Amino acid sequence: MVLGPFRPGPRNRLTDVDGLRVGNAEDARAWSGVTVVLPDEPAGAAVDVRGGAPGTRETDALNPTCLVEGVDAVVLTGGSAFGLDAASGAMGWLAGRGRGFAVGDQRVPIVPAAVLFDLLNGGDKGWGDDPPYRRLAYSACETALTEQGLDFALGNAGAGLGAKAGDIKGGLGSASIISADGYQVAALIAVNPVGSVVMPGTDTLWAWAWEMAEEMGGQIPPAGPVPPDPAMPFMDSAVAGANTTIGVVATNATLTKAQALRLATMAHDGFARAIRPVHTPFDGDTLFALSTGRLGLGDNPPLTLARLGALAADCVARAIGRAVWEARSLGRFPSYRERYRG
């Protein structure tokens, strides 16, 4: 099967995959936020964790050998371990609407989550015994049902508000692609790596080669090769667990949990294309895969899945580049545009 030609979806966002909405909520004082991916109905899901310092919730349930077949939401959040409480907020919102895995006459919403570290970005984290993440997640779920749930904000939004990327501002990015055969693939990434997103000695993003429709501001290709071990002085002060890039890839294809895991595994290549170094001991890089089950895999499922995985990796790289392009300066972290395009 030939899936091409390809084009970005009409929004160039995760919501170009039928059946998905996205809500963002931010705490402007704390410089942190939450992003909730909300399927219209339970979506098939898997997860691949590659970083050395992850912060996650309900990821074991996504193992292909486990009982649960679908998730009711996925939460991406700032706040490090404090942010895991955001999943409770999303669970409460879903439970109030009768959604969740049926256990007798009870419903238990399945809400896996991953966190990034933004506790040292300069915002006010003096929340004492009442971190804001549960409330933020509830608000993000409400927002997902509005028009903003389809054309959601990027850059300093949701889980990307307090993110950094190396020594510049990170953020929330998204990208999509649609094949002539109707397959939809998209990524949503909160970009907060210890590694660099910019090729050393240039103003070119590592993700430049995958840019579509000038979504990264019209990248200029590099003039020559780059050093095999570029100097990154800002990494000298890196602290284990103090970064992390997290995200979701999604497709309208019908996938088993094992197939969704393969999609997530292949999509991780997009991290390596857009960030250097990546999957370090300092990062907790985590990528969820969602299937909304609107389109079968055709006569050759392994081949179709392989092509969807390749497209997912491209979307991840594009989403990372777009997150940095859309980000605005915050505190001591200048934006890409301020430093390189100002």
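On a predicted model such as this, the values are computed, not experimentally measured, just so you know.

A. Structural view of the pattern of salt bridges. Within the structure shown, the criterion is met by ten salt bridges. Among the ionic pairs, Asp 124 bridges to Arg 29, the shortest N-O distance being 2.7 Å. Here Arg 29 lies in the loop between β2 (20-27) and β3 (32-39) and Asp 124 lies in the loop between β10 (113-115) and α2 (133-144), a separation of 95 residues in the sequence. Residue Asp 124 is classed as partly exposed on the basis of its relative accessible area of 31%. Given the relative accessible area of 63%, Arg 29 is considered exposed. When the shortest N-O distance is used, the salt bridge between Arg 318 and Glu 215 registers 2.7 Å. One end of the pair, Arg 318, is in helix α5 (residues 301-326); the other, Glu 215, is in the loop between β14 (184-191) and β15 (246-253), with 103 residues separating them in the sequence. Since its relative accessible area comes to 1%, Arg 318 is described here as buried. The buried category is assigned to Glu 215, whose relative accessible area is 6%. Among the charged side chains, a network of salt bridges with common partners joins Arg 11, Asp 16 and Asp 151.

B. Expanded view of the sheet that holds β3. Spatially, the five strands line up as an open sheet ordered β2-β3-β7-β10-β5, and their pairing is mixed. The sheet is open, and its two borders are formed by β2 and β5 (56-57), each paired with just one other strand. The pairing of β3 with strand β7 (residues 74-77) spans four bridges and is antiparallel. Its bridge partner being in β7, Val 37 is matched across the sheet by Val 74.

C. A look at the environment of Leu 290. Mapped onto the elements, Leu 290 comes out in strand β16 (residues 286-295). Using a relative accessible area of 0% as the deciding quantity, one classes Leu 290 as buried. Beyond its immediate sequence surroundings of up to four residues, Leu 290 is in contact with Leu 20, Val 37, Ala 43, Gly 44, Ala 45, Val 71, Val 74, Val 248, Val 249, Ala 250 and Thr 251.

D. Focus on the packing of aromatic side chains. Using the criterion set out here, one finds four aromatic pairs in the structure. The interplanar angle of 70 degrees and the centroid separation of 5.4 Å between the aromatic rings of Phe 82 and Trp 127 together place this pair among those described as edge-to-face. Residue Phe 82 is found in the loop between β7 and α1 (85-95), and its partner Trp 127 is found in the loop between β10 and α2; the two are separated by 45 residues along the sequence. Relative accessible area serves as the criterion here: at 16%, Trp 127 is assigned to the buried category. Between Trp 127 and Tyr 133, the ring centres sit 5.5 Å apart and the planes meet at 85 degrees, which makes this aromatic pair edge-to-face. Here the two residues Trp 127 and Tyr 133 agree in accessibility, since each one is buried. Site record: aromatic cluster; members linked through ring pairs are Phe 82, Trp 127 and Tyr 133. A cation sits over an aromatic face here: Arg 13 above Phe 152, 5.6 Å from the ring centre. One cation-aromatic arrangement involves Arg 337 over Trp 325; the distance from NZ or CZ to the ring centre is 4.0 Å.

E. Inspection of α1 at higher detail. Burial analysis of α1 places eight of its eleven residues in the buried class, the great majority of the element. For α1, the full list of buried residues reads Ala 86, Ala 87, Ser 88, Gly 89, Ala 90, Met 91, Trp 93 and Leu 94.

F. Focus on the sheet that holds strand β4 (residues 43-49). On the basis of which strands lie adjacent, the open sheet formed by seven strands has the order β1-β13-β14-β15-β16-β4-β6 and mixed pairing. What marks the edges here is a single partner per strand, and that holds for β1 (6-7) and β6 (70-71). Pairing analysis gives six bridges linking β14 to β15, with the strands arranged antiparallel. Its bridge partner lying in β15, Ala 186 is registered against Ala 250. In this fold helix α3 (residues 257-267) packs onto β4, β15 and β16, with an angle of close to 45 degrees to the strand it touches most, β4. Its contacts with the sheet place α5 against β1, β13 (171-179), β14, β15 and β16, and it is angled at close to 40 degrees to β14.

G. Main features of unusual backbone geometry. The step from Arg 276 to Pro 277 runs through a cis peptide bond, and the omega angle for that step is -10 degrees. In this structure, Pro 277 sits in the loop between α4 (269-274) and β16. At Glu 58, a position not held by glycine, the phi torsion is positive, near 65 degrees. Inspection of the secondary structure assignment puts Glu 58 in the loop between β5 and β6. Of note, Ala 213 is a non-glycine position whose phi angle comes to about 55 degrees, a positive value. Mapped onto the elements, Ala 213 comes out in the loop between β14 and β15.

H. Main features of the packing of α3 against α5. One can describe the packing of α3 onto α5 by two numbers: an axis separation of 7 Å at closest approach and a directional angle of 40 degrees. Compared by their axis directions, α3 and α5 come out oblique. Handedness of the α3/α5 crossing: right-handed. Residues Gln 259, Arg 262, Leu 263, Met 266 and Ala 267 of α3 pack against Leu 305, Ala 306, Leu 308, Gly 309, Ala 310, Ala 312, Ala 313 and Val 316 of α5. Of the residues contributing to the contact of α3 with α5, the split by class is ten nonpolar, two polar and one charged.

What counts, and where the lines are drawn
Residues numbered from 1 in each chain as written. Predicted model: local features only at pLDDT ≥ 70, side-chain atom pairs only at ≥ 80, totals over all residues. Heavy atoms only, no water. Salt bridge = Lys/Arg side-chain N within 4 Å of Asp/Glu carboxyl O. Helix = DSSP H or I, 4+ residues; strand = E, 2+ residues; numbered from the N terminus. Buried < 20%, exposed > 50% of the residue type's maximum accessible area, 1.4 Å probe, protein only. Pairing = 2+ DSSP bridges. Contact = heavy atoms within 4.5 Å. Phe/Tyr/Trp six-rings, centres within 6.5 Å; stacked < 30°, edge-to-face > 60°. Lys NZ or Arg CZ within 6 Å of the ring centre and 35° of its normal. Axes fitted to C-alpha atoms, helices over the stretch in contact; angles between N-to-C directions. Parallel < 35°, antiparallel > 145°, perpendicular 65-115°, else oblique. Left-handed = near helix turned anticlockwise from the far one by under 90°. Nonpolar A, V, L, I, M, F, W, Y, C, P; charged D, E, K, R; others polar.

Everything listed is a geometric property; what it means functionally is a separate question.
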